[in-house]
Structure formats: structure tokens, C-alpha cells
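# Overview (structure and organization)
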Amino acid sequence: MFGLAVVLLVHITHVYGACPHIITRAEWGARPPNGEWFLTNPVQYAFIHHSAGPDCHDRASCQAQVKAFQNYHMDTHGWPDIGYTYVIGGDGSVFEGRGWDRVGAHTLNYNSVGYGFCLVGTFTSHMPTAAAQQAVRDLIDCGVQLGKIKQGYTLRGHRDMPGQNTECPGTMFWNAIKQWSHY
């Protein structure tokens, strides 16, 4: 019986890929949220964002940027927390933002039907690293595996949705994600 379980786990990991390591809010030093609202899972959309700032390529610099995003979102916008569901650094680090199950503040009018995955950097004239791109793909696959994202989900860039006045996730990266499955 134990052997069968191991074979099934290996098969599932091989077919779907393992969920990436997620740096928890506690690990990156998140402030507590001032409020939270919960999603009805699974959601239909996976939204791709860029932070429209400098890239980061190691855990320390990426973590500092994630903290800065949270401070900006809470202190300047008055939001109850960081807006993104997850933030992905150039080294492939995945930082928990609002995390699975909570409504974010990432895609106006679509926050309650999707998750917002933000890659750190500005991707108008260059692409995110291969590590960051793989991490976001693995994270979305993980969400499907966990039942947080529908099997037949829709992938979109932030700019794709009606009412969004943005270049996000950057023209070069946006052109690339249009080739990904589920777009």
C-alpha cells in the first residue's frame, strides 16, 4: 500500500510539477492585514502583472521590494494589505502576498474572480528571467492542483481586462504570455 502511494505521488509530481516553495508572510516580515475578504474557489482567472520598477535577482533584494509594495499599497492607497496574491522575484523566489483564498487588489473589477501574480521588474523591453517565468507557471499549476484555480482557467495580462489603463505586465512579457497555454 505504501509503495502505491509513493508511485502515485511521484506520478502526480511528474505530470503536474511540484508546487514551488512559497516564502510565507511570516518569513518575509509582512505586516498584518487591516481586513480580508475570502474568495469562492476555484477561480476562473490567473492575471499576470509586473511591478513596474527595478528587477530583483536575490532573496534579500526581492524581499525588500515585496515589503515596499505592501507599505505602498497600505500606506499610500489605503488598501488593507499588499494587493497581489503572490509576488515572484527574478531568482524564482515566490512570496506569499494575500495568498490562496483571499480577494486581492490587483485587477480592478476582477479581484473576486482571479488571482494576481506579480513578477518583480518592468518588462516592457526585456523579459523576466527564465526562473521567474517558470516559478509563475509552476505556481499557477499548483493552484490548479490544489483546486484554487479552475482546470480550464483563463490566463490574462493585467492590461487585457476591460477598464484597465495600464501597460502591465509590460509589452515584451505580455506578447510572450499570449503564447502560453490558457491565454
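Residues numbered from 1 in each chain as written. Predicted model: local features only at pLDDT ≥ 70, side-chain atom pairs only at ≥ 80, totals over all residues. Heavy atoms only, no water.

Moving on, we come to the UniProt feature "domain: Peptidoglycan recognition protein family" (unreviewed entry) in the protein chain. UniProt records the feature "domain: Peptidoglycan recognition protein family" (unreviewed entry) at residues 20-162, using the numbering of this structure. Counting secondary structure, residues 20-162 comes out at 27% helix and 22% strand; the distance between its end C-alpha atoms is 31 Å. (UniProt positions renumbered as here; feature names shortened; annotations may be inferred. Helix = DSSP H or I, 4+ residues; strand = E, 2+ residues; numbered from the N terminus.)

With 18 residues, helix H3 (residues 59-76) extends 25 Å from end C-alpha to end C-alpha; this agrees with the ideal 26 Å at 1.5 Å per step. Looking only at H3, the buried set comprises Cys62, Gln63, Gln65, Val66, Phe69, Gln70, His73 and Met74. Axial view of H3: buried residues confined to an arc of 160°, hence all on one face. In H3, the exposed residues that point more than 90 degrees away from the buried face are Ala60, Asp75 and Thr76. As for H3, its buried residues are in contact with helix H2 (25-28), strand E3 (86-88) and strand E4 (94-96). (Expected span 1.5 Å × (residues − 1). Buried < 20%, exposed > 50% of the residue type's maximum accessible area, 1.4 Å probe, protein only. Arc of directions from axis to C-beta. Contact = heavy atoms within 4.5 Å.)

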